[in-house]
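The chain contents come next:
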Amino acid sequence: AAIVAHSSALKLKSLGKDPDFFSLLHFVEENAKQIYDGTRDFIWSIDVKSNNLKEVTFYVKDFGERLFAHSDISFFVTHNLVDTKGILNLSDGYGRHLLLFCKEALTNAFKHSGAKNVWLKVFHDNRDMYVSIEDDGKGLTQANPRGNGLRNMKRRAIKIGGQIHIGPRKPMGTIVELTFQL
């Protein structure tokens, strides 16, 4: 976090003076942000509270709000997560896979969809779970053959015994759906 803060301050001081130095500082700042976010996610995922679906959902909600905050994309979250009987507890490791699945889908929507709106929906019916990330963008295009995003989402779905569906959203856009049992 300190590296991010200091590189941001140096970028402000160098603005308009040396484009190469500014570019280098931007590179350092972006890499430090990735390290910071990855470390924070890892530490959170090994915490006991990361095994609760409601906590995972709110963590993903916070990520999405930060991701879309300075963009033209509106972000919405809907859920029915009222845990009255402890049924929202996940098996060990599920929280981490669900978090990373959602982050990948949200990041893909942010980078590639051209959307005006993105929706995160999380619903459960007893032990059956439904998670979707939807956008109203240009829809699916050919996946990047060098990219790992879709492959990683499918792998994470399998690790939690889930099923994934990625397809068009009516009337336009993309929907990424994950279903699994608690």
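Being a predicted model, the structure only gives us computed values, none of them experimental.

**Section: the overall build of the protein**
Of the regular secondary structure elements, the protein holds 5 helices and 5 strands. In sequence order, the secondary structure elements of the protein are arranged as α-α-α-β-α-β-β-α-β-β. The buried share of the protein, reckoned over its 182 residues, is 37%. By sequence separation, contacts in the protein at least 24 residues apart represent 65% of the contacts at least 6 residues apart. Carbon and sulfur atoms provide 56% of the accessible area of the protein, an area that totals close to 10900 Å².

**Quick word on a positive patch on the surface**
A contiguous patch of positive charge on the surface is contributed by Arg 96, Arg 151, Arg 155 and Lys 159. For the positive patch, the element with the most residues is helix α5 (residues 149–159), which contributes 3 residues. On the secondary structure map, Arg 151 appears in helix α5.

**What about the packing of helix α3 (residues 53–68) against helix α4 (residues 94–112)?**
Two numbers describe a pair of packed helices, the interaxial angle and the distance between the axes. Where α3 meets α4, the closest approach of the two axes is 10 Å, and the angle between their N-to-C directions is 25 degrees. Taken together, α3 and α4 sit at an angle that is classed as roughly parallel. Crossing handedness for the pair α3 and α4: right-handed. Contact residues: α3 offers Leu 53, Val 56, Tyr 59, Val 60, Phe 63, Gly 64, Leu 67 and Phe 68, while α4 offers Gly 95, Leu 98, Leu 99, Cys 102, Lys 103, Leu 106, Thr 107 and Phe 110. Tallied by class, the residues present in the contact of α3 with α4 amount to 12 nonpolar, 3 polar and 1 charged.

The rules behind these values
Residues numbered from 1 in each chain as written. Predicted model: local features only at pLDDT ≥ 70, side-chain atom pairs only at ≥ 80, totals over all residues. Heavy atoms only, no water. Helix = DSSP H or I, 4+ residues; strand = E, 2+ residues; numbered from the N terminus. Buried < 20%, exposed > 50% of the residue type's maximum accessible area, 1.4 Å probe, protein only. Contact = heavy atoms within 4.5 Å. Areas by Shrake-Rupley, 256 points an atom, 1.4 Å probe, with all protein chains shown as cover. Patch = residues over 30% accessible without salt bridge, like charges linked within 9 Å, V, L, I, M, F, W, Y side chains within 5 Å. Salt bridge = Lys/Arg side-chain N within 4 Å of Asp/Glu carboxyl O. Lys, Arg positive; Asp, Glu negative; His and termini not counted. Charge placed at Lys NZ, Arg CZ, Asp CG, Glu CD. Axes fitted to C-alpha atoms, helices over the stretch in contact; angles between N-to-C directions. Parallel < 35°, antiparallel > 145°, perpendicular 65-115°, else oblique. Left-handed = near helix turned anticlockwise from the far one by under 90°. Nonpolar A, V, L, I, M, F, W, Y, C, P; charged D, E, K, R; others polar.

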